[in-house]
Amino acid sequence: MAEAADFQGMSPSPARRWLRRTGALLAGAPLLTGLLQLPAGQAAQAAEKGSPAQASGSHTVSVSVDSLTPSTPTDHDTLTVSGTVTNNGKQPVTDAHVGLRVGPTPLYSRAAIADAAERTGYRPGTDGSELGGKYVTEFDKLAPGVSQPFSISVPVEDLDLGSDGVYPLGVSLSGETASQPYEQVLGIQRTFLPWQPDGASTKTRTTFLWPLISGVHMTAETLPNQQQTPVFQNDDLARELAPGGRLSQLLSLGKDLDVTWVIDPDLLASVDAMTGSYSIKGEGDKVTTGKNQTIAKQWLSELEKAVQDKEVVALPFADPDLASLAHNGRNVTGSLSHLKDATDVASSTVETVLHVKPDTDFAWPVNGAIDPSIVKVATSAGADKVIARSDSLQDDRLSYTPTAARPIGGGTTAVVADAGLSTLFGGDMTPAADSTLAVQEFLAQSLMINLQKPDRARSIVIAPQRMPSADQAQSMAQAVRTLQGGGWSLPAGLSDAAKAKPDPGATTKVPSMSRYPSSLRKAELPQSAFQQIEETQDKLDSFKVILSDPSRVVTPFGRAIDRSVSTSWRGHVTGASTFRQGVESYLEQLTSQVRLIQKSETKLSGRSATIPVTVQNNLMQGVDHLVLRLTSQQPTRLKIGNGPYYEQPITVSGGHSQSVKFTTTANANGRASVVAQLFTEDGRAYGSAVTFDVNVTEITPTVMLVIAGGVLLLVLAGFRMYTQRKRLAARRAEEEQNDGPEGPDSASEEGGLNGAADGAVDTGDGETSARTPGGESDAETGADDRKQPSDPTPDTATESADPSGAGERVDR
């Protein structure tokens, strides 16, 4: 952002300071005049040659400013600067000392502050003269590679600071080396002194966002128990919550600051899940029991106290990547619906866990970079305010930093965070020197904003990186604490900043898509990721309709799908893909718990029979709203019910199986393929189909011929017996006529002569028919009690409850 030297409101300074500053400027005028008379390149070379230290390298010694107190001094303070110096050269430095150099005039713009912070090496005139005297730390010898500490304390009144402003403060080491045996500046480090001892008449209202956001920690999996014990990817969240961890530091530092808390509800849900029984996923399928419930409970308890009476902004659940959705997910049907779900669940999650009502009207794209598509997506779920950044919505036409709020059309307000202040703490703040420099530059830039238009009240917003480290959080807290104790700034909430009156000259035009940073676009989720997510959602939609308690599945998988589009996946392409695949695989594992049991070939030995099909449910809950359809692939040979297929509703309790029987009719012999398939009530196929063969073996023509032949033989045998009996009766009648006069004895004798025993009848063809005392033959006695060859045999085997096997027969 470019600012001109619109620098007003200088406060009066003592006459002594004015005289000293004037004298310094007059003394340097001849040198400055000579340099200005040279071309630019020659002037730079003259500066180099005029300084032996510069020519020989003023980077020989590195100077580290580890602390500067107070950060914003006043008249009666004593400034203390501490740090270390390290000889990076190959020769010892002798007669060395560390001193302070205050710039002759305050810096005139924010751009000048940034330039001074980036400049390295000593520059005479610009860096000012050394304070000298007793305000130095001396070293007899500084050996190569050796570091030495220093500390200098000086009364602020001896610094001769004049009008209000930002003064460059140089900490330099001067000394001699064997190759250059004269005093020279061998190293320098610059920082800044914000100077406004009497405070400002009009103060800038400053909003600092304090983010509580983490990565994705929970999986979609839960243990197969009634409590649905959650499963975490690892135990990293516990380390962040533990004392000294990142989230622990953010909480302990933020609770004492007047900031706006920006919270991802997924973090709250994850920590809340840790307060009870939870498990941690290890290598393979190994799952261990989590043991950090106490840490989670303590962190949530402290957070609940910290946010009371503070402004809390809730992002959509899992902090979705709005830019990825806008650029790659918008064309995938259903993708934007997840953003709406994530927004709806955000408020209830925060209220349930923290017992405060959050503001859900804000959307925060990555790095505050916006274009029309991002704004459209961001507001599609109900947000009417977008947190942008000034390096995206630039104000090149203005010579000062405008108020953050900007109306960008359609009833949407862009709250434009200051890029310079928001990015200062994004680097490595582990070294104390880096932290100190960042804090001092932050304070200097903030004061400069106020001095640009001291008579105009403005409102600015600072949106730091989403997941600051513990060291970054400490630096941020120090800067905010000092700023809120200074005399030119007042703390304000994000909602107040959004309602502030916009500057009439501030730009309200959203940049085009072509201006979206390519570095950010490369890190976005691809379109294939959103397609995979929607495929998983479709499977979830089919699964939930059959469940007696859908919430046990819909809730964990719905939140897992939200996590699939989290902003935290930027820079972690493999991790994002693995997570999405894990969600889909686990859902497929659950849906496969409701399935059809495989069947082998079934034999049908009659014109009609019933075929059993078994549905198995290994879930913890019952399933309903399912239909089992059995379809014949050869309906002319085998009918199911009265047609090619038949359907029956299915209800199976958790952990049970159910066998369903279908009536079949055979019209011809041979094999017929049958397909069993589960369907939801809305007609969507569920699970895999089961295909098996039915072998129809009804009565054949050969068998009919055998039976007909047997019947014919029976008829012929009966006819023969009938003719034999008639001949026997005729013979008896003839004998009775011939033997009538002889009486009974003659008949007995004749019978004896014929060789026939009593009760036996000679049939006349060499056979004897036995007779019963009642006069009946053996063929006649009990004829109705014996089974005749014409009786049909059963066409099915006895029903078995065992699983289907090879050559399975079915029930009649």
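Rules of the game
Residues numbered from 1 in each chain as written. Predicted model: local features only at pLDDT ≥ 70, side-chain atom pairs only at ≥ 80, totals over all residues. Heavy atoms only, no water. Helix = DSSP H or I, 4+ residues; strand = E, 2+ residues; numbered from the N terminus. Buried < 20%, exposed > 50% of the residue type's maximum accessible area, 1.4 Å probe, protein only. Contact = heavy atoms within 4.5 Å. Areas by Shrake-Rupley, 256 points an atom, 1.4 Å probe, with all protein chains shown as cover. Polar contact = N/O pair within 3.5 Å; in protein donor to acceptor, adjacent residues only side chain to side chain. Expected span 1.5 Å × (residues − 1). Core = buried A, V, L, I, M, F, W, Y, C linked by side-chain atoms within 4.5 Å. pLDDT = per-residue confidence, 0-100. Phe/Tyr/Trp six-rings, centres within 6.5 Å; stacked < 30°, edge-to-face > 60°. Patch = residues over 30% accessible without salt bridge, like charges linked within 9 Å, V, L, I, M, F, W, Y side chains within 5 Å. Salt bridge = Lys/Arg side-chain N within 4 Å of Asp/Glu carboxyl O. Lys, Arg positive; Asp, Glu negative; His and termini not counted. Charge placed at Lys NZ, Arg CZ, Asp CG, Glu CD. Pairing = 2+ DSSP bridges. Axes fitted to C-alpha atoms, helices over the stretch in contact; angles between N-to-C directions. Bend = angle between axes of the 7 residues up to and from the residue.

1. Regarding the overall build of the protein chain
- Looking only at helices and strands, the protein chain features 21 helices and 32 strands.
- Within the protein chain, the fraction of its 812 residues that count as buried is 48%.
- Intrachain contacts of the protein chain at a sequence separation of at least 6 include 77% that bridge at least 24 residues.
- In the form shown here, the protein chain has an accessible surface area of approximately 38,200 Å², with 51% of it arising from carbon and sulfur atoms.

2. Thoughts on the environment of Asp344
- For Asp344, the position within the fold is in helix H10 (residues 335-354).
- When the C-alpha atoms of Asp344 and Pro316 are compared, they prove to be 7.7 Å apart, with 28 residues separating the residues in sequence.
- In terms of polar contacts, Asp344 uses its side chain to reach the side chain of Lys340, at 2.9 Å.

3. Some points on helix H13 (residues 432-452)
- Helix length check: H13, at 21 residues, gives a terminal C-alpha distance of 30 Å against a target of 30 Å (1.5 Å per residue), a fit within 8%.
- Within H13, 19 of the 21 residues are buried, leaving the element largely enclosed by the surrounding structure.

4. Looking at the nonpolar core
- Grouped together as the largest cluster of nonpolar side chains are 75 residues, with contacts concentrated most on Phe543, Phe557 and Leu628.
- In terms of residue count, the dominant contributor to this core is helix H19 (residues 573-591) (six residues).
- Excluding residues within four positions of it along the chain, Phe557 makes contact with Ala220, Leu540, Val583, Tyr586, Leu587 and Leu590.
- Grouped together as the second largest cluster of nonpolar side chains are 65 residues, Ala112, Leu300, Val307 and Leu447 included.

5. Concerning the side chain of Arg570
- Assignment of secondary structure puts Arg570 in the loop between helix H18 (551-564) and H19.
- Of note is the side chain of Arg570, whose polar atom sits 2.8 Å from the side chain of Asp321.
- Residues in contact with Arg570, not counting those within four places in the same chain, are Asp321, Ala323, Ser324, Val366, Tyr516, Leu520, Ala523 and Glu524.

6. Things to note about the confidence of the model for the protein chain
- Residues at a pLDDT of 70 or more form 82% of the protein chain, whose mean pLDDT is 84.
- Across residues 1-56 the pLDDT falls below 50, and counting only partners more than four positions away or on other chains, this stretch makes 69 contacts in the model.
- Segment residues 741-812 is flagged for pLDDT under 50; beyond a separation of four residues in sequence, or across chains, it makes 83 contacts in the model.

7. Observations regarding the packing of aromatic side chains
- Within the structure shown, the criterion is met by eight aromatic pairs.
- Taking the centre distance of 5.6 Å and the plane angle of 20° together, the rings of Phe557 and Tyr586 count as stacked. In this pair, Phe557 sits in helix H18 while Tyr586 sits in helix H19, placing the two residues 29 residues apart along the sequence.
- Residue Tyr586 is classed as buried on the basis of its relative accessible area of 9%.
- Linked through ring pairs, Phe208, Trp210, Phe425 and Phe442 together constitute an aromatic cluster.

8. A short note on a negative patch on the surface
- Among the surface-exposed residues, Asp95, Glu138, Asp140 and Glu183 lie close enough to one another that they form a single negatively charged patch.
- When you line up the elements, Glu183 lands in the loop between strand E6 (165-176) and strand E7 (184-195).
- By relative accessible area, Glu183 is classed as exposed at 53%.

9. Section: the environment of Glu304
- Relative to the helices and strands, Glu304 resides in helix H8 (residues 293-306).
- Along the primary structure Glu304 and His355 are separated by 51 residues, whereas in three dimensions their C-alpha atoms are 7.4 Å apart.
- In this view, Glu304 contacts Val353, Leu354 and His355; residues no more than four positions away in its chain are not counted.

10. Looking at a nonpolar patch on the surface
- Taken together, the side chains of Leu712, Leu713 and Leu716 present a nonpolar region at the surface, about 330 Å² in accessible area.
- Mapping Leu716 onto the fold places it in helix H20 (residues 701-738).

11. Quick notes on the pairing of strand E24 (residues 623-632)
- Here E24 lies mainly inside the structure; seven of its 10 residues are buried.
- Two elements, E24 and strand E26 (residues 645-652), share seven bridges in a ladder whose sense is antiparallel. Each residue of the ladder has a partner; that of Thr631, found in E26, is Tyr645.
- Pairing analysis gives seven bridges linking E24 to strand E28 (residues 670-680), with the strands arranged antiparallel. Of the residues in E28, the one forming a bridge with Thr631 is Val675.

12. Structural notes on the sheet that holds strand E23 (residues 608-617)
- Spatially, four strands are ordered E21-E23-E27-E25 in an open sheet, and the strand pairing comes out antiparallel. Each having just a single partner strand, strand E21 (594-596) and strand E25 (638-640) make up the two edges of the open sheet. Across the sheet, the mean angle from the axis of one strand to that of its neighbour is 30°, orientation sign disregarded.
- In the sheet, E23 pairs with strand E27 (residues 656-666) via 10 bridges, with the strands oriented antiparallel. Of the residues in E27, the one forming a bridge with Val615 is Gln658.

13. Structural notes on the sheet that holds E6
- Here four strands make up an open sheet; going across it, the order is E4-E3-E6-E7 and the pairing antiparallel. The outermost strands of the open sheet, each flanked by one partner alone, are strand E4 (136-142) and E7. Mean inter-strand twist for the sheet, computed between neighbouring axes without regard to direction, equals 15°.
- Pairing analysis gives six bridges linking strand E3 (residues 93-102) to E4, with the strands arranged antiparallel.

14. A look at H10
- In this model, H10 (20 residues) spans 29 Å end to end at C-alpha, consistent with the 28 Å of a helix rising 1.5 Å per residue.
- Along H10, the helix axis deviates most sharply at Ala346, where the bend reaches about 25°.
- Following H10 by one or two positions, His355 adopts a phi angle in the positive range, close to 60°.

15. Examining the environment of Arg684
- Tracing the sequence through the fold places Arg684 in the loop between E28 and strand E29 (685-696).
- The exposure class of Arg684 is partly exposed, given its relative accessible area of 36%.
- Separated by 142 residues in sequence, Arg684 and Ser542 have C-alpha atoms that sit 7.4 Å apart.
- Arg684 has contacts with Asp538, Asp541, Ser542, Leu678 and Phe679, leaving out every residue within four places of it along the chain.

16. Here's the deal with the side chain of Glu524
- Within the secondary structure, Glu524 sits in the loop between helix H16 (518-522) and helix H17 (527-544).
- For Glu524, a relative accessible area of 9% puts it in the buried group.
- There is a polar contact of 2.7 Å between the side chain of Glu524 and the side chain of His327.
- One polar contact links Glu524 to Asn328, side chain to side chain, over a distance of 3.4 Å.

17. Some words on unusual backbone geometry
- Between Thr69 and the following residue, Pro70, the backbone shows a cis peptide bond with an omega angle of -10°.
- Structurally, Pro70 is set in the loop between strand E1 (61-69) and strand E2 (78-87).
- If you check the backbone angles, Asp160 has positive phi at about 55° while not being a glycine.
- Looking at the secondary structure, you find Asp160 in the loop between strand E5 (147-155) and E6.
- According to the relative accessible area criterion, Asp160 is buried, its value standing at 13%.
- For Asp319, which is not glycine, the phi torsion reads 50° and is therefore positive.
- In this structure Asp319 comes out as buried when scored by relative accessible area, which is 4%.

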